[in-house]
Amino acid sequence: MPSEPLLHVENLSITFSSHGRTTQAVKSISFSVGTGEVLAVVGESGSGKSVSALSLTRLLPSPPLCDIQGSILWRGRDLQKITEDQLTQIRGKEIAYIFQDPGTSLNPVYTIGYQIAEAVKIHEPTIKDIDAVVHQSLHDVLIDDPHKVAQQYPHELSGGMQQRAMIAMALACNPKLLVADEPTTALDVTIQKEIIDLLKRLRQQRKMSILLITHNFGIVAHFADRVQVMRQGEIVESGETTTVMQNPAHPYTRGLIACIPRLGQRRRRLTTLSEEIKT
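Residues numbered from 1 in each chain as written. Predicted model: local features only at pLDDT ≥ 70, side-chain atom pairs only at ≥ 80, totals over all residues. Heavy atoms only, no water.

## Considerations on the pairing of strand β7 (residues 177–181)
Part 1: Along β7, five of the five residues are buried, which leaves the element largely enclosed by surrounding structure.
Part 2: Residue alternation in β7 divides its side chains into two sets, Leu 177, Val 179 and Asp 181 and Leu 178 and Ala 180, and both sets are buried.
Part 3: Sheet topology places β7 next to strand β8 (residues 209–214); five bridges connect them, and they run parallel. Note on β8: the bridge partner recorded for Leu 177 is Ser 209.
Part 4: In this region the chain leaves β7, passes through helix α8 (residues 189–206) and returns to the parallel neighbour β8; the handedness of that crossover is right-handed. (Buried < 20%, exposed > 50% of the residue type's maximum accessible area, 1.4 Å probe, protein only. Helix = DSSP H or I, 4+ residues; strand = E, 2+ residues; numbered from the N terminus. Pairing = 2+ DSSP bridges. Right-handed = clockwise from strand over helix to strand, strands pointing away.)

Written out as structure tokens, the structure is:
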């Protein structure tokens, strides 16, 4: 782990308020992501994974609807204390996101090429040949005919191709950190593997860091360098992926790992996580 990580989050707490009621979604968590490292954040839906990722660049509602406490240091700079204009120069350019459902993340009324070009224009205004960047970005995510796909609308593409287009858009400005929030959930198993293999290749080529948000331990075993497990807004376990996979210390982690489908393994019924924790 580098002594000066790209991202260092300290005592992050997130509280939502609505109709006089408050809910603490994240409870004083701390973590870091090093240069070129893949950190996987694993947990069930509602454990606080995604809101933690969205909080990094202030993508959550503003106060009083959402209150964020703690420090979020990006290359030593506290993102909680900079202006919105300053943050705009980081969001999308240095820290980019891809989400689980490209069908709803992509704008249906604009072509794929137009949407990638818009991201480049915002963050790289000096680039003159925008089309070349668009086509290269689509080529980098292994799209066979980038010129054709650039002219297509999202509904003309399969789910896997839509996700590749989303990755191309996120990487068009060469970010240092890619936040991948459940990037394979909406895809079938074969396409899931293709997307993970693509992210692995891009990470190696670009020396890029990845924060992978997922509920599935199966896709992080051969991808993530480190893993942290979240439950009910808290980090219950963290460590090197191999160590956590082979010798999980927390009952909740053991429950998640037990959910990984294994060829030839049969159970009379599905064991719930709560039951795994009791054992």
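Alright, that's what it looks like, and here's the rest.
## Considering the side chain of Ser 52
Part 1: If you trace the backbone, Ser 52 turns up in helix α1 (residues 49–55).
Part 2: Exposure remark for Ser 52: the relative accessible area of 4% places this residue in the buried category.
Part 3: In this structure the side chain of Ser 52 is engaged in a polar contact, spanning 2.7 Å, whose partner is the backbone oxygen of Gly 48.
Part 4: Not counting residues up to four positions away in its chain, the partners in contact with Ser 52 are Leu 12, Ile 14, Val 26, Ile 29 and Met 230. (Polar contact = N/O pair within 3.5 Å; in protein donor to acceptor, adjacent residues only side chain to side chain. Contact = heavy atoms within 4.5 Å.)

## With respect to the sheet that holds strand β2 (residues 21–33)
Part 1: Taking strand neighbours across the sheet as the criterion, the four strands line up as β2-β1-β4-β5 in an open arrangement whose pairing is antiparallel. Unpaired on one side and paired on the other, β2 and β5 (77–78) mark the two borders of the sheet.
Part 2: Pairing analysis gives eight bridges linking strand β1 (residues 7–18) to strand β4 (residues 66–74), with the strands arranged antiparallel. Note on β4: the bridge partner recorded for Phe 16 is Cys 66.

## A look at the sheet that holds strand β6 (residues 95–98)
By definition, the strands of a sheet pair up through backbone hydrogen bonds, in either a parallel or an antiparallel sense.
Part 1: What the six strands build is an open sheet, ordered β6-β7-β8-β3-β9-β10; its pairing is mixed. Either end of the sheet is taken by a strand with one partner, and the two such strands are β6 and β10 (234–240). Mean inter-strand twist for the sheet, computed between neighbouring axes without regard to direction, equals 15°.
Part 2: In the sheet, β6 pairs with β7 via four bridges, with the strands oriented parallel. Bridging across to β7, Tyr 97 finds its partner in Val 179.
Part 3: Its contacts with the sheet place helix α7 (residues 159–171) against β6 and β7, and it is angled at close to 170° to β6. (Axes fitted to C-alpha atoms, helices over the stretch in contact; angles between N-to-C directions.)

## Brief notes about the pattern of salt bridges
Part 1: Overall, the coordinates contain 10 salt bridges when judged by the stated rule.
Part 2: Taking the shortest distance from any N to any O, the salt bridge between Arg 75 and Glu 94 comes out at 3.1 Å. Here Arg 75, found in the loop between β4 and β5, pairs with Glu 94, found in the loop between α2 (84–88) and β6; they are 19 residues apart in sequence, far enough to count as distant.
Part 3: Since its relative accessible area comes to 47%, Arg 75 is described here as partly exposed. (Salt bridge = Lys/Arg side-chain N within 4 Å of Asp/Glu carboxyl O.)

## Focus on the nonpolar core
Part 1: In terms of nonpolar packing, the biggest core is built from 51 residues, with Leu 138, Ile 167, Leu 178, Leu 199 and Phe 217 touching the most fellow members.
Part 2: Broken down by element, the residue count for this core peaks at seven residues, all from α7. (Core = buried A, V, L, I, M, F, W, Y, C linked by side-chain atoms within 4.5 Å.)

Everything listed here is a matter of coordinates, which is why it stays silent on function.
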